Amino acid sequence: MAKDYVGSPKQHQLESKRKRLTWILGISGLCVVFYALGAWQNSAPPTSRSEMYSRVGCEVASPGAAVNNPSSSLSSSSSSSSVALDFNSHHQIEINNTDSVANFQPCDMSYSEYTPCQHPQRGRKFSRDMMKYRERHCPTKEELLFCLIPAPPKYKTPFTWPQSRDYAWYDNIPHRELSIEKAVQNWIQLEGNRFRFPGGGTSFPLGADAYIDDINELIPLTGGTIRTAIDTGCGVASWGAYLLKRDILTMSFAPRDTHEAQVQFALERGVPAMIGILASERLPFPARAFDMAHCSRCLVPWNDYDGLYLIEVDRVLRPGGYWILSGPPINWKSYWRGWERTKKDLKQEQDALENLARRLCWKKVIEKNDLAVWQKPINHKECIRSRKVYKTPHICKSDNPDAAWYKNMKACITPLPEVSSNDEIAGGALEKWPERAFAIPPRIRSGSIPGITEEKFKQDNELWKERVTHYKHMINPLSHGRYRNVMDMNAYLGGFAAALLKYPVWVMNVVPANSDRDTLGVIFERGLIGTYQDWCEAMSTYPRTYDLIHASGVFSIYQDRCDISYILLEMDRILRPEGTVIFRDNVEILVKIQGITNGMKWKSQIMDHESGPFNPEKILVAVKSYWTGVASQKQQ
């Protein structure tokens, strides 16, 4: 047998193989070790292409904090759409860094409750005739503030709904006047560090609930026939607050400072309201908007100016809608001494009111105790014939009945759409609530809004259903009661508000004034509420009155009409501390917006569209930081 020598080639081959195997095992072991170390340092793997980009140093905002925790930075959710996106290298737009951002300074504490277009000092320059000085009078460009409206020094997050209906923090609205002035009428009571709203009113000492029960005995408030209401001279809006549990949505309004901060109290409670007055201009609503109108000792001079104010109520009231009046002159035989008026004076006032209602073709349904109810006709067939008897007011001609933004009232009856029979409802019948919300609105069914078909209406509903589901993943508090007062700055057909109906919120649907398509009438036909607004001006509301603002395409509309910085400052004014804004727009505009809001103490991030990262439209979610003003020496 052959013998292996030390220098044999076979021995060298075996040794070489052993070394190579050892080397390979060593390298493999090191690879495993370094891979495990890398995985431990970055344990959360990228969930999408967008997130992979953010991992290589392209962050616009830190993805480490949650959107639903406003006190920290915004973060990603489990969805890929909630990841911070960077567009700098793709769109050639310089994203503002913290050092280069214009930082907005707080305004003086004297502006804490500043309402630019209803500022009392500015209003005093205008005529007191017809209460014109209490109407909207907006500042000129030179008068605009370029600072942030401060919250009161001890501002607290408001009570959540439904507790907020009955309570509000004193420090948020530090006004005792109403609790003293209206103490007997039970509007509001101060209890320690909070206000309580017992539900009382000037004409309902037993409370709003009992008062509404009395109305329900006269007209059907249940069953879904009545859904939208308007309350003139609303006080702290207890009537509207207690109608909500009957599925009736009320637009409450009152002038600025008739009673200190009454509309502010209403919104703090989570009840729909806005600053407004019956003066010389139309209310900012379309014709045939509300199913019911109400006045409880609202002090409106209904018989003055040829009945102009009741004619305006007629314009915004739906065919077959009801007008409810309590207080003077109703039931004057029982109260004339307390009202410090003569019997003759009160009788003349009621007779004149009854005559005016007849000339408007209204029918008096009933007068019982302290309540009187009239009903508008369902069409104008008989009303046109009655003009042979009642010469005034005549029926308007050549007028857009929906035009209501800075339009003077007219002392003529707004015509109803033509009908073919006496029992046909002018403009079309509505479904009962809640079916009404998603039924085809009559204005779309009749083709009266160019370019909007029944099919487009259905598609819009599906679109917003999908989008709101997407929003829920981004801002979890949507379903947890974190938000109550919501505004849609560009509401279109009201699809966003309709998709939110299952949540404990209400939505102020805004249709930009002078839009190509006026869709606010459609929104009211769906059983929702809203208003016209030009966003180059301030909103008719107090500071800190909305929890969530939705702005879809708003800045594409206004970027060439006015400085978007002022629109964002107005949004900051009406947004509560730690409130949220959802912007939808193209990337270029969102980057500009983010650059400005960085200087407003907002935390934000740009996210993917719900359809994925390849859609050119993106979503910017921003949260207003919590901060307050500093009390002056005098206030301390």
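Per an unreviewed UniProt entry, the protein goes by Methyltransferase and derives from Manihot esculenta. For the protein, the Sequence similarities (unreviewed entry) comment in UniProt is given as "Belongs to the methyltransferase superfamily."

Caption draft 1: Molecular detail of the overall build of the protein. Of regular secondary structure, the protein possesses 19 helices and 17 strands. The buried share of the protein, reckoned over its 636 residues, is 55%. If you take every contact in the protein between residues at least 6 apart in sequence, the share linking residues at least 24 apart comes to 69%.

Caption draft 2: Up close: the packing of aromatic side chains. Following the criterion strictly, the structure yields 22 aromatic pairs and no others. Ring geometry for Y335 against W339: centres 5.4 Å apart, planes inclined by 35 degrees, an arrangement best described as tilted. Y335 sits in the partly exposed class, given a relative accessible area of 34%. Of the residues examined, W339 reaches a relative accessible area of 15% and is grouped as buried. The rings of Y170, F195, F197 and F265 are connected pair by pair, giving a single aromatic cluster. Here the guanidinium or amino end of R484 rests over the ring plane of W161, the centre of that ring lying 3.7 Å away.

Caption draft 3: Looking closely at unusual backbone geometry. Here T392 and P393 are connected by a cis peptide whose omega angle stands at -10 degrees. Here P393 shows up in the loop between helix 12 (381-386) and helix 13 (442-445). For the bond from W433 to P434, the omega torsion is 15 degrees, close enough to zero to count as cis. Looking at the element boundaries, P434 is found in the loop between helix 12 and helix 13. One non-glycine residue, E340, lies in positive phi territory at about 55 degrees. Overall, the relative accessible area of 73% leaves E340 in the exposed class. Phi at N369 takes a positive value of approximately 55 degrees, unusual for a residue other than glycine. In this fold, N369 is placed in the loop between strand 9 (363-368) and strand 10 (371-375). Of the residues examined, N369 reaches a relative accessible area of 58% and is grouped as exposed.

Caption draft 4: Molecular detail of the sheet that holds strand 16 (residues 602-607). An order of 13-12-11-14-15-17-16 is seen for the 7 strands of this open sheet, with the pairing classed as mixed. Looking along the sheet, the strands with just one partner apiece sit at the ends: strand 13 (530-533) and strand 16. Within the sheet, the average angular offset between the axes of one strand and its neighbour, ignoring direction, is 20 degrees. Relative to strand 15 (residues 575-586), strand 14 (residues 546-552) runs parallel, the two sharing 6 bridges. Pairing of Y546 across the sheet is with L575, part of strand 15. Packing of helix 18 (residues 564-574) onto the sheet brings it into contact with strand 11 (485-488), strand 14, strand 15, strand 16 and strand 17 (617-624), and relative to strand 15 it is tilted by some 145 degrees. Strands strand 15, strand 16 and strand 17 of the sheet are contacted by helix 19 (residues 587-597), whose axis makes an angle of about 155 degrees with strand 15.

Caption draft 5: Representation of the nonpolar core within the structure. In terms of nonpolar packing, the biggest core is built from 137 residues, with M292, W302, W323, F555, M571 and F583 touching the most fellow members. Dropping the residues within four chain positions of it, W323 is found in contact with A293, H294, W302, L310, V313, L317, L353, W362, A372, V373 and W374. In terms of nonpolar packing, the next biggest core, distinct from the first, is built from 11 residues, Y170, V236, A261 and F265 among them.

Caption draft 6: Here's a closer look at the sheet that holds strand 8 (residues 317-326). Ordered by their spatial adjacency, 7 strands build an open sheet running 6-5-4-7-8-10-9, and the pairing between neighbours is mixed. A single partner strand is all that each edge strand has here, and the edge strands are strand 6 (273-275) and strand 9. Across the sheet, the mean angle separating the axes of adjacent strands is 20 degrees when strand polarity is ignored. Bridge count for strand 9 against strand 10 is 5 bridges, and the pairing is antiparallel. Following the sheet pairing, E367 is matched in strand 10 by A372. Strands strand 7 (290-296) and strand 8 of the sheet are contacted by helix 9 (residues 308-316), whose axis makes an angle of about 135 degrees with strand 8.

Caption draft 7: Main features of the side chain of T545. Among the structural elements, T545 can be located in the loop between strand 13 and strand 14. Overall, T545 belongs to the buried group, its relative accessible area being 2%. Polar contacts involving the side chain of T545 include one to the side chain of T541, which spans 3.0 Å. Sequence-distant contacts of T545, defined by excluding residues within four places in its chain, comprise L267, N485, I574 and R576.

Caption draft 8: How the structure looks around the state of the cysteines. Applying the stated criterion across every chain, the model contains 6 disulfides. Between the sulfur of C536 and that of C562 lies a disulfide, 2.2 Å long from S to S. The disulfide joining C536 to C562 has a torsion of about -85 degrees about its S-S bond and is therefore left-handed. Placement of C536 in the loop between strand 13 and strand 14 and of C562 in the loop between helix 17 (554-558) and helix 18 is noted, with a sequence separation of 26 residues between them. By relative accessible area, C536 is classed as partly exposed at 33%.

About the criteria used
Residues numbered from 1 in each chain as written. Predicted model: local features only at pLDDT ≥ 70, side-chain atom pairs only at ≥ 80, totals over all residues. Heavy atoms only, no water. UniProt positions renumbered as here; feature names shortened; annotations may be inferred. Helix = DSSP H or I, 4+ residues; strand = E, 2+ residues; numbered from the N terminus. Buried < 20%, exposed > 50% of the residue type's maximum accessible area, 1.4 Å probe, protein only. Contact = heavy atoms within 4.5 Å. Phe/Tyr/Trp six-rings, centres within 6.5 Å; stacked < 30°, edge-to-face > 60°. Lys NZ or Arg CZ within 6 Å of the ring centre and 35° of its normal. Pairing = 2+ DSSP bridges. Axes fitted to C-alpha atoms, helices over the stretch in contact; angles between N-to-C directions. Core = buried A, V, L, I, M, F, W, Y, C linked by side-chain atoms within 4.5 Å. Polar contact = N/O pair within 3.5 Å; in protein donor to acceptor, adjacent residues only side chain to side chain. Disulfide = S-S within 2.5 Å.

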